[in-house]
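# Coordinate analysis (summary)
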Amino acid sequence: MGLLDAILGRSKPVRPDLDQLFAVPSAALTLQAATGFTPTGRGSVCFAGVEGGGFARLQEDVRELLDADTERGGIPVEFSRDAYGYTWLLATHPADDTAGLVNDLHAVNTLLQDGGFGPHLLCSLIGFRDGEGADGRSLALVYLYKRGTFYPFAPLPGDAEKRDNQLELQVRGALGDDLRVEKDLSRWFPVWGAPGL
């Protein structure tokens, strides 16, 4: 950052640090002890879709890499597109294999970044649940690629798009020592209906 940037109040953008994802398995233990939320084994990566053969090949490479264990009982990845035109990749592991899930999400982010599509990456999320059935609450730890930070997203049960802000703040307090939590609450974007949530 130069002198002119300092005078004008501009800051240097944070470089993505994908290795922050590897802190999630230990944070999951802290989260479970503090709030009772347990991992679901589901996580996803969101990115802006790009047209063209290069991106289509990279998407197939991602599918091939993550589906390599389907012959041994692994669950194939799923691609979907949301109402805003963003592409989501959903990875599923056993609920007690948070480390394996994080490895897959890290691999997807790395492949896209190394393939020149880093600017199209938006976020990754890891799903958690408290309780069983329709009464259970959902929670996601969302990693913002461009900020290198996490934030909790807790939709209230039901059809209304409302958040449990109290729970989100509780999770922020519980995980402050485990994860780099996003300090700017205006960047805690809702991810309604995200795969893996």
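Everything below is about the structure shown above.
Now for a description of the structure that goes with this document. It should be emphasised that the depicted structure is a prediction, and the values quoted were computed from it without experimental measurement. (Residues numbered from 1 in each chain as written. Predicted model: local features only at pLDDT ≥ 70, side-chain atom pairs only at ≥ 80, totals over all residues. Heavy atoms only, no water.)

Here we take up the pairing of strand β1 (residues 38-48). Regular strands place their side chains on alternate faces of the sheet. Sheet topology places β1 next to strand β4 (residues 121-130); seven bridges connect them, and they run antiparallel. Bridge pairing in β4 places Gly43 opposite Ile126. Pairing of β1 with strand β3 (residues 86-92) involves seven bridges; the strand directions are antiparallel. Pairing of Arg42 across the sheet is with Thr92, part of β3. (Pairing = 2+ DSSP bridges. Helix = DSSP H or I, 4+ residues; strand = E, 2+ residues; numbered from the N terminus.)

On the secondary structure map, Ser44 appears in strand β1. For Ser44, a relative accessible area of 0% translates into the label buried. Engagement of the side chain of Ser44 in a polar contact is seen with the backbone oxygen of Pro195, the distance being 2.7 Å. Sequence-distant contacts of Ser44, defined by excluding residues within four places in its chain, comprise Trp88, Leu89, Leu90, Leu105, Cys123, Ser124, Leu125 and Pro195. (Buried < 20%, exposed > 50% of the residue type's maximum accessible area, 1.4 Å probe, protein only. Polar contact = N/O pair within 3.5 Å; in protein donor to acceptor, adjacent residues only side chain to side chain. Contact = heavy atoms within 4.5 Å.)

Within this structure, the stated rule accounts for three aromatic pairs. The interplanar angle of 55° and the centroid separation of 5.1 Å between the aromatic rings of Tyr143 and Phe150 together place this pair among those described as tilted. With 5.1 Å between their ring centres and 75° between their planes, Phe153 and Trp192 make a pair best called edge-to-face. Placement of the pair is Phe153 in strand β6 (residues 149-153) and Trp192 in the segment after α5 (165-175), with a sequence separation of 39 residues. (Phe/Tyr/Trp six-rings, centres within 6.5 Å; stacked < 30°, edge-to-face > 60°.)

We now examine the pairing of strand β2 (residues 78-81). Pairing between β2 and β3: four bridges, direction antiparallel. Within β3, the position partnered with Phe79 by the bridge is Leu89. Where β2 hands over to β3, the hairpin turn is made up of four residues, of which Gly85 adopts a positive phi near 90°.

All right, on to the nonpolar core then. In this structure, Leu89, Phe128, Val142, Leu179 and Val191 are the most contacted members of the largest nonpolar core, which totals 47 residues. Filtering out sequence-adjacent residues up to four positions away, Val142 remains in contact with Cys123, Ser124, Leu125, Thr149, Phe150, Tyr151, Phe153 and Val191. (Core = buried A, V, L, I, M, F, W, Y, C linked by side-chain atoms within 4.5 Å.)

Put simply, helix α2 (residues 24-35) and α5 touch, their axes get as near as 10 Å, and they point 125° apart. By the criterion of interaxial angle, the relationship of α2 to α5 is oblique. As α2 runs across α5, the sense of the crossing is right-handed. Residues Ala27, Thr30, Leu31, Ala34 and Thr35 of α2 touch α5, and the partners they reach there are Gln170, Val171, Ala174 and Leu175. Class assignment for the residues of the contact of α2 with α5 results in six nonpolar, three polar and no charged. (Axes fitted to C-alpha atoms, helices over the stretch in contact; angles between N-to-C directions. Parallel < 35°, antiparallel > 145°, perpendicular 65-115°, else oblique. Left-handed = near helix turned anticlockwise from the far one by under 90°. Nonpolar A, V, L, I, M, F, W, Y, C, P; charged D, E, K, R; others polar.)

Here we take up the sheet that holds β1. Pairing in this open sheet of six strands is antiparallel, and the strands run β2-β3-β1-β4-β5-β6 from one edge to the other. Taken across any chain shown, the strands that pair with only one partner, and hence form the sheet edges, are β2 and β6. Each neighbouring strand pair of the sheet contributes to a mean axis angle of 25°, computed without reference to strand direction. Lying on the sheet, α2 is in contact with β1, β4, β5 (137-144) and β6; it crosses β4 at an angle near 35°.

It is worth spelling out the environment of Phe150 at this point. Tracing the backbone through its elements, the reader meets Phe150 in strand β6. Its relative accessible area of 1% is what places Phe150 among the buried residues. Taking C-alpha positions, Phe150 is 6.1 Å from Arg180, a pair spaced 30 residues apart along the chain. The contact partners of Phe150, leaving out residues within four places of it in the chain, are Gln20, Leu21, Val24, Val142, Tyr143, Leu179, Arg180, Val181 and Glu182.

Moving on, we come to α2. With 12 residues, α2 extends 15 Å between its outermost C-alpha atoms, agreeing within 8% with the 16 Å of an ideal straight helix rising 1.5 Å per residue. If you check which residues of α2 are buried, you get Val24, Ala27, Ala28, Leu31 and Thr35. Angularly, the buried residues of α2 cover 110° about the axis, an arc narrow enough to put them on a single face. Summarising the geometry of α2, the exposed residues directed more than 90 degrees from the buried face are Leu29 and Ala33. Looking at the buried positions of α2, the neighbouring elements they touch are β1, α4 (98-117), β4, β5, β6 and α5. At the C-terminal side of α2, Gly36 shows a positive phi close to 85°. (Expected span 1.5 Å × (residues − 1). Arc of directions from axis to C-beta.)

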